[in-house]
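# Chains, contacts and geometry: an overview
For reference, the chains in residue letters:
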Amino acid sequence: MCYIIKIRKKGDFMKKLIYRIYQKIMYGLSYLIPFKEPMLIQGDNTLQKLPAIIKERALKNVMIVTDDFLKKTPVFKKLVKDLQALHIDTYIYSGTEPNPSIELILEAYHYYKESTCEALIAYGGGSAMDLAKGVGAKVARPNKDIRKLRGTLKIRKKIPFLICVPSTVGTGSEATLAAVISDIKTREKYALMDPALMPDVAVLDTDVVASLPKKLIAETGMDALTHAIEAYIGHSNTKKTKEKALSAIQIVFNDLLLAYQGDRDALSRMQLAAYQAGVAFTRAYVGNVHALSHQLSAVYHLPHGYANAVILPYVLTYYDHHIDKSMAEIYDYLGYQGKISGPEKSNQVIESILQLKKDLNIDDSFGGLIKKEDEPKIIIQAFKEANPLYPVPQIFEKNDFKAIIRLVNH
Ligand SMILES: [Fe+2]
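Quick caveat: nothing in here was measured; it's all calculated off a predicted structure.

This paragraph deals with the overall build of the protein chain. Regarding its fold elements, the protein chain presents 15 helices and nine strands. Its C-alpha radius of gyration of 21 Å places the protein chain within 12% of the 22 Å reference for a compact globule of 410 residues. With the C-alpha coordinates of the protein chain rotated into their principal frame, the extents come out at 75 × 50 × 40 Å. Contacts in the protein chain between residues at least 24 apart in sequence constitute 79% of all its contacts with a sequence separation of at least 6. With 54 positive and 44 negative side-chain charges, the protein chain shows a separation of 7 Å between the mean positions of the two kinds.

Structure follows, in structure tokens:
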């Protein structure tokens with residue numbers, strides 16, 4: 001018996017060593033990838049600059065990917081009017097659904113082709129941007145099954161000119177080279193990752209988010225915080241990703257609650273936090289929180305930011321001494337006072353997250369939502385998503401994911 005445990009432990013050690021070597025290689029290779037940032041346009045009334053940007057590139061037909069709610073808003077209608085005023089033919093695909101599926105991408109792709117469009121505007125939250133990127137990937141690789149584009153560097157061809165206009169303050173997809181899509185057949189959620197998917201332009205116009213419901217401000221803001229923290233405590237940072245992550249974390253702690261309470265300037269700063277967190281995690285990756293939340297969203301259709309917000313403090317607490325150093329750096333950056341030890345600083349940051357969640361009225365747990373019979377699949381898929389790709393502070397075994405599920409589901 002003892003001998004079997006010894007062999008298993010040795011096997012686990014070797015497996016983790018291989019994952020770490022893989023992550024080091026990916027980190028080295030990342031220096032060969034052109035991590036260009038999109039052209040960033042931020043502030044009040046910046047959306048009105050967008051038609052001229054399209055016109056400058058001699059693009060005549062554009063498709064806007066959005067949803068039925070947003071297309072009826074005055075800000076959206078004005079954008080369409082401004083585009084038409086410059087004789088840019090505008091086709092609106094408003095069928096965006098949360099967690100866009102392969103079928104939805106294909107439907108939008110066919111509309112894009114039928115309308116002979118030449119450029120894409122994603123106007124919405126993470127789902128609209130993921131959907132537009134999915135369409136872009138299919139335009140670049142028309143003969144490939146989208147499932148075959150899963151993973152890293154499978155597209156390797158230019159996609160159409162892509163402008164992102166985020167309508168939430170969390171996803172950061174306007175600054176990332178990833179599109180997360182859902183496979184209904186297999187009930188999985190996974191990412192396509194390729195520099196080709198990096199948007200050309202990101203427009204952060206406060207008017208676009210001004211009427212965002214409070215609940216969405218809270219949940220998407222917590223998604224931005226999760227991106228920034230998971231990137232920062234991971235093992236694949238650069239000087240730039242650290243700076244962006246810390247700045248985003250600071251903005252969230254200073255401004256998310258104010259934005260939730262209706263402060264427009266704070267909301268505007270939250271747009272920047274979401275963008276900065278996107279710049280950080282597209283290079284430094286997310287981690288075990290996202291690995292689990294993606295699978296829970298795929299099975300129970302949970303809002304992404306909400307799922308992350310519930311899971312984040314549990315995973316950080318579980319990491320324990322693995323994140324003492326990085327969390328102490330976050331504590332110091334936030335300007336917290338007190339000469340306390342590294343572990344105490346880490347606990348203090350976790351306490352601040354719990355307090356923020358409480359102030360934002362976000363649940364402490366899923367309260368029994370996760371069914372026992374679903375657990376094995378969720379655990380396997382979360383493990384598969386995290387390993388070997390995510391350079392997490394502590395590599396989770398399937399048992400670790402099981403333990404987290406028990407904690408978040410009480
Ligand atoms: Fe996220």
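Having seen it, we continue.
A separate point is empty space enclosed by the protein. For the coordinates displayed, the defined rule picks out one cavity of 30 Å³ or more. Within this model, the largest cavity holds a volume of roughly 40 Å³. As for the largest cavity, its lining consists of Glu230, Ile233, Gly234, Ala284, Val286, Gly287, Tyr319, Pro391, Val392 and Pro393. Taken together, the residues of the lining of the largest cavity sort by class into seven nonpolar, two polar and one charged.

On to the sheet that holds strand E3 (residues 89–93), then. Read from one edge to the other, the open sheet built from six strands follows the order E1-E9-E6-E4-E2-E3, with strand pairing classed as parallel. Since the sheet does not close on itself, it has two edges, and those belong to strand E1 (39–42) and E3, each with one partner. Recorded for the sheet is a direction-independent mean angle of 20 degrees between the axes of neighbouring strands. As paired elements, strand E2 (residues 61–65) and E3 share five bridges and run parallel to each other. Looking across to E3, one finds that Asn61 is bridged to Asp89. Sheet strands in contact with helix H4 (residues 102–114) are E2, E3 and strand E4 (119–124), and its direction is about 160 degrees off that of E3. Across the face of the sheet, helix H5 (residues 126–140) comes into contact with E2, E3, E4 and strand E6 (161–166) while running at roughly 165 degrees to E4.

This brings us to the domain arrangement of the protein chain. Per the domain assignment, the segments of the protein chain are domain 1 (39–209) and domain 2 (212–408). In this assembly, 28 residues from domain 1 lie in contact with 31 residues from domain 2. Here domain 1 and domain 2 share an interface that buries about 2500 Å² over both sides, 57% of which is from carbon and sulfur atoms. For the interface between domain 1 and domain 2, the tally reads two salt bridges. Ionic pairing is found between Asp44 and Arg264, a salt bridge with its closest N-O pair at 2.6 Å. Viewed at the interface, domain 2 and domain 1 are joined by nine residue pairs in polar contact (both at pLDDT 80 or more). If you list the elements that add at least two residues to the side of domain 1 that touches domain 2, you get E1, strand E8 (188–193), strand E9 (201–204) and helix H6 (206–209). For the side of domain 1 that touches domain 2, the class distribution of residues is 10 nonpolar, 11 polar and seven charged.

What follows is about the packing of helix H11 (residues 304–319) against helix H13 (residues 342–359). Close contact between H11 and H13 brings their axes to 10 Å; oriented N to C, the two are set at 165 degrees. Judged by the angle between their axes, H11 and H13 are roughly antiparallel. H11 and H13 meet at a crossing whose hand is left-handed. Residues Ala309, Val310, Leu312, Pro313, Leu316 and Thr317 of H11 pack against Ile350, Ile353, Leu354 and Lys357 of H13.

The rules we used
Residues numbered from 1 in each chain as written. Predicted model: local features only at pLDDT ≥ 70, side-chain atom pairs only at ≥ 80, totals over all residues. Heavy atoms only, no water. Helix = DSSP H or I, 4+ residues; strand = E, 2+ residues; numbered from the N terminus. Rg over C-alpha atoms; globule rule 2.2 N^0.38 Å. Contact = heavy atoms within 4.5 Å. Lys, Arg positive; Asp, Glu negative; His and termini not counted. Charge placed at Lys NZ, Arg CZ, Asp CG, Glu CD. 1 Å grid on protein atoms, 1.4 Å probe; cavity = no way out; pocket = protein on both sides within 12 Å on 5 of 7 lines; lining within 4 Å. Points joined across faces, edges and corners; volume = space filled by probe spheres on them. Nonpolar A, V, L, I, M, F, W, Y, C, P; charged D, E, K, R; others polar. Pairing = 2+ DSSP bridges. Axes fitted to C-alpha atoms, helices over the stretch in contact; angles between N-to-C directions. Domains from an automatic or database assignment. Buried area = accessible area lost by both parts, 1.4 Å probe. Salt bridge = Lys/Arg side-chain N within 4 Å of Asp/Glu carboxyl O. Polar contact = N/O pair within 3.5 Å; in protein donor to acceptor, adjacent residues only side chain to side chain. Parallel < 35°, antiparallel > 145°, perpendicular 65-115°, else oblique. Left-handed = near helix turned anticlockwise from the far one by under 90°.

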